[in-house]
Amino acid sequence: MVQSAAATTEKTRRAATAVETDAVLELLSDEYARQVLESLCDRPATAPALVESMAASRATVYRRLNDLEAAGLIAPAVAVDPDGHHRKRYHLIVDDLQLQFGADGIEITLVD
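Keep in mind that what you see is a predicted model, and the values were worked out from it rather than measured.

Please give an account of the nonpolar core that cites residues and values.
By size, the foremost hydrophobic cluster in this structure holds 22 residues, and its most contacted members are Val36, Leu40, Leu50, Leu65, Leu68, Leu73 and Ile74. Here this core gets 4 residues from one element, more than from any other, and that element is helix 3 (residues 31-42). Every residue in contact with Leu40, bar those within four places of it in the chain, is listed here: Ala45, Leu50, Ile74, Tyr90, His91 and Leu92.

Here you go:
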């Protein structure tokens, strides 16, 4: 079945979620938030693993994780390790961000 461009666009609009533009732009301008996002592109990771892989303090990494989660860019999932410990693993929940420039300013939409 072949979909028209209009049907595909409408489907994308229904799947898209508007977010607080200023918060997302601020996060994307932050070096540590971008490093967290880049790390999570490869695979989900725990906060301690992110701390280990980044040149940032533990507090900085946890703060960025909280901010990214509040912005709707990442989400935690609880995983059980083979040793029985429960750990939060963070993963990206969006594939694309769309920026629109209009008379009312900039609007960012998340597409999942």
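Having seen it, we continue.
Tell me about helix 5 (residues 58-70), and name the residues and values.
The end-to-end C-alpha distance of helix 5, which contains 13 residues, comes to 18 Å, matching closely the 18 Å that a straight helix rising 1.5 Å per residue would cover. For helix 5, the set of buried residues is Thr60, Val61, Arg64, Leu65 and Leu68. In an axial view of helix 5, the angular spread of the buried residues amounts to 135°, which keeps them on one side of the axis. Projecting away from the buried face of helix 5 at angles above 90 degrees are the exposed residues Arg58 and Ala70.

Residues and numbers for the environment of Val61, please.
Position of Val61 among the secondary structure elements: in helix 5. Overall, the relative accessible area of 1% leaves Val61 in the buried class. Once residues within four sequence positions are removed from consideration, Val61 is found in contact with Ala47, Leu50, Val51, Met54 and Ala56.

Reading guide: rules and limits
- Residues numbered from 1 in each chain as written.
- Predicted model: local features only at pLDDT ≥ 70, side-chain atom pairs only at ≥ 80, totals over all residues.
- Heavy atoms only, no water.
- Core = buried A, V, L, I, M, F, W, Y, C linked by side-chain atoms within 4.5 Å.
- Buried < 20%, exposed > 50% of the residue type's maximum accessible area, 1.4 Å probe, protein only.
- Helix = DSSP H or I, 4+ residues; strand = E, 2+ residues; numbered from the N terminus.
- Contact = heavy atoms within 4.5 Å.
- Expected span 1.5 Å × (residues − 1).
- Arc of directions from axis to C-beta.

Keep in mind these numbers describe shape, not what the thing actually does.
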